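Coordinate analysis (summary)
One letter stands for each residue in the lines below.
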Amino acid sequence: MSAVTTIGDDLFARDETGRLRSRIATIFPRAGVLVTLPGIHATQRCEYTDWLNARRVGGGEPPLSVAEEEQVWAMGVDLVLEEDGVVLIRPDPHEMELAFEADDLLQQQKVSKRKILFLHVIDPRVGDAIRRRGECWRITPLPRSPLQMRQMIVSSKIAIGGHEIYYYDKPSGARLLTCGEFSSLKSMPDEDLRLHLIEIRDYSRQTNRAGRAEIDFFASTDKGLAGAFAAVLFEDLDPLQLRLAYDTLRRRFMDAVPAELLRDDIECPPWRSQMFAALMGQTDRAVSEESLLGLAAEFYMQVEWLPGGRIEDGEVILDSLFEEEAEDTHTPAEQRICDERARGFIFNFIRDYGDLEYFNIGRIVGSLSARKGSLGKRGVYVAEIKLRASASHVLRIIRMQKWGVTEHLDEGKDLLRAILECEEYTEYILDRRMGCRQLGMSLPPRTTARKVNERYWGPNRRYTGISIWSAYFERDYVSGVATDKLPPAKLADPRYAVGLARLLGRAAAPNLIVGRSDIKGQVIFDDGDELVIEDANGLPAAIIVADHTGTFGDFRRTLLDLCPAYADCLNRRIDILPDRQAFADAFLMGFIERFGHIRHEYARRKRAFDTLFKHQRRDEGGSFAYRWECVLARLQVNDPVKLADRIRENMRV
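Residues numbered from 1 in each chain as written. Predicted model: local features only at pLDDT ≥ 70, side-chain atom pairs only at ≥ 80, totals over all residues. Heavy atoms only, no water.

**A look at helix H3 (residues 96–108)**
The line we're drawing: Secondary structure elements are defined from DSSP: runs of H or I of at least 4 residues count as helices, runs of E of at least 2 residues count as strands, and each element is numbered from the N terminus. One fewer than the residue count of a helix, multiplied by 1.5 Å, yields its expected span. Partly exposed residues are those whose accessible area sits between 20% and 50% of the maximum for their type, while under 20% is buried and over 50% is exposed, using a 1.4 Å probe and protein chains only. Residues count as neighbours in contact if any of their non-hydrogen atoms are within 4.5 Å of one another.
Over its 13 residues, H3 extends 19 Å from the first C-alpha to the last, a length consistent with the 18 Å expected when each residue adds 1.5 Å. Among all positions of H3, only Met96, Leu98, Ala99, Phe100, Ala102, Asp103, Leu105 and Leu106 are buried. Of the surrounding secondary structure, the elements contacted by the buried residues of H3 are strand S2 (24–28), helix H2 (66–74), strand S4 (77–81), strand S5 (87–90), strand S6 (116–118) and helix H4 (124–132). Positive backbone phi, at 70°, marks Lys110, one or two positions downstream of H3.

**Brief notes about the packing of aromatic side chains**
What counts here: Two aromatic rings from Phe, Tyr or Trp, using only the six-membered ring of Trp, form a pair when their centres are within 6.5 Å; if the ring planes differ by under 30 degrees the pair is stacked, by over 60 it is edge-to-face, and anything between is tilted. Any Lys NZ or Arg CZ found within 6 Å of a ring centre and within 35 degrees of that ring's normal is scored as a charge over the ring.
The final tally for this structure, using the stated rule, is 24 aromatic pairs. Taking 5.5 Å as the distance between ring centres and 85° as the angle between the ring planes, the aromatic pair formed by Phe217 and Phe253 counts as edge-to-face. Remark: Phe253 occurs in helix H9 (residues 239–255) and Phe217 occurs in strand S10 (residues 215–217); sequence separation between them is 36 residues. Take Phe217: its relative accessible area is 9%, and that puts it in the buried class. Relative accessible area serves as the criterion here: at 0%, Phe253 is assigned to the buried category. For the pair Phe613 and Trp628, a centre-to-centre distance of 5.2 Å together with 75° between the ring planes defines the contact as edge-to-face. Of this pair, Phe613 sits in the loop between helix H21 (606–610) and helix H22 (624–636) while Trp628 sits in helix H22; the two residues are 15 residues apart in sequence, bridging distant segments of the chain. The same class applies to Phe613 and to Trp628, which are both buried. Through pairs of rings, three or more aromatic residues link up here, namely Tyr425, Tyr428, Phe552, Phe613, Phe624 and Trp628. Note that Arg133 overlies the ring of Phe100, its terminal NZ or CZ placed 4.0 Å from the centroid.

**Structural notes on the sheet that holds strand S1 (residues 5–7)**
This is how it is decided: Paired strands are those between which DSSP finds at least two bridges. Convention adopted: a line fitted to C-alpha atoms gives each axis, helices being fitted over their contacting stretch, and angles between N-to-C directions are expressed from 0 to 180 degrees.
Reading across the sheet, the 6 strands line up as S1-S3-S2-S4-S5-S6 and stay open at both edges, with mixed pairing between neighbours. The sheet is open, and its two borders are formed by S1 and S6, each paired with just one other strand. Across the sheet, the mean angle from the axis of one strand to that of its neighbour is 25°, orientation sign disregarded. Here 3 bridges tie S2 to strand S3 (residues 33–35), and the two strands are oriented antiparallel to one another. Across the sheet, the residue bridging to Phe28 is Val33, located in S3. Those strands touched by helix H1 (residues 41–58) are S1, S2, S3, S4 and S5, and its axis lies near 45° from that of S2. Across the sheet, H3 touches S2, S4, S5 and S6, and the angle it forms with S6 is around 165°.

Laid out in structure tokens, this is it:
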């Protein structure tokens, strides 16, 4: 382990109240020096060069020249320290290798890798460098809930030399002084007030390496406020003059801030949202790794990135966190970052692709569908893989099989029966996919069934800890917007609304034919799985069904009984459609055309359809061969116009 010289207290030294003595630090990885003295990053660099010059003079060498000091400064890496022990690295986009050296040195000092994250990923040079290492999980996540937003704002309070009166914008390094905090200085003793006014004056005139003022006045429209502070020599004022100068500046600050932002109130939505936006570096620039990868907006804040890896000189280099967490016996399982399945996914990618460069795995933490949770397992992952021969990355969606070996063991079945039933269900899912394609449903072009090894820890005590093979399905990522998540502004455009209606009608036809429903018999359609592909003009061009869950679920009821549910495509949008009648007509016309075409194709190639699954076991209890038979019989006897009339009867036009 490389020795590190620390100028100041230990990295996470705390005061008598239990708070961190310093919320920032600067590390010089190539010199092995860490500066933790309170202040700002610029003053910490000054402390380092002063320390370095003292050593040089003591050794008979001349002090560093100005040019040499600038070179030394450039070799420092900014750190931001959190109360929970997290270290945030703010890298220079031009010096990413230096940031990674700082990361390595921190880990050598026994800072857990899971506690070291990176800021400034809005710069593609930073985000790309982290992704190429297979470490998307190390990008500092944004808050995922209002509670986390509040916690982020509260935890951003920071001091320079006095009280914690600033909100720290971590990506840029600016300290935001609110009107409320500045007004609170009024209750301070004269000398404390003087010190804080001097601090604000001096640092509001300085800029950091990102070009931001070290102290910025939150929500102020007065561009001359920093200059007004600079014009006052607070050191020379007697107490009365000091108070008068302070009151003058306070009134000027208050006059430049909107009324709803005069007082710090985290429960006040305008203040909270404005502060959150400021701490994120403006809302229109707020970044997530999901958006950097090109994932649709519905994935925003839904991906929890896991450790990945890369391949260098033909050698697989997995994220060291896999090894760290394997050796760590103290961290609770629910707090661990690694996912046992992720390693299996990675190994399968390495086996499938011979020229991988890097790979990142993310876990979807929330449901992207409007459906409520169902029985069985529904783990969903996203994988980003980069081939050396390709200029861009490839996105893959991974969905665990709903009923696998684990679920069958949980039911008390023996291992052999659990394995056999898992294999049967895999075949059933693949047969459903083939049946959907045969009946005209537009699905992603390629889906692969794979398995990943994991251990069983369920209630079936006979098999605790054994290795089992869990099935999953991997498909290409479809770049589209879910129909139920389209912005109202798009549907307000008559051309977009009518185009969408026709495509929904065409998609509804095969959906109805295959009886797509949940375990309660409710029709599944237009609730998150149907993705709209737009043309160059931003108008709907196609709909692809990303997941065929529930197909062939309802194969007994008549199609007329299932039709009313399809009226919801209009009914749920009724308040935002510019022309309800045009939407209804386009939907029903698309439905009639598509249903008629599928019915015609069946009549033209009836033998090919009827015999497609004849080789399989036929069981009227619900085998797929029997479901297929029922669906085709139902298709043959139904008139699309009568079905459309039934849908129209339930539309609120």
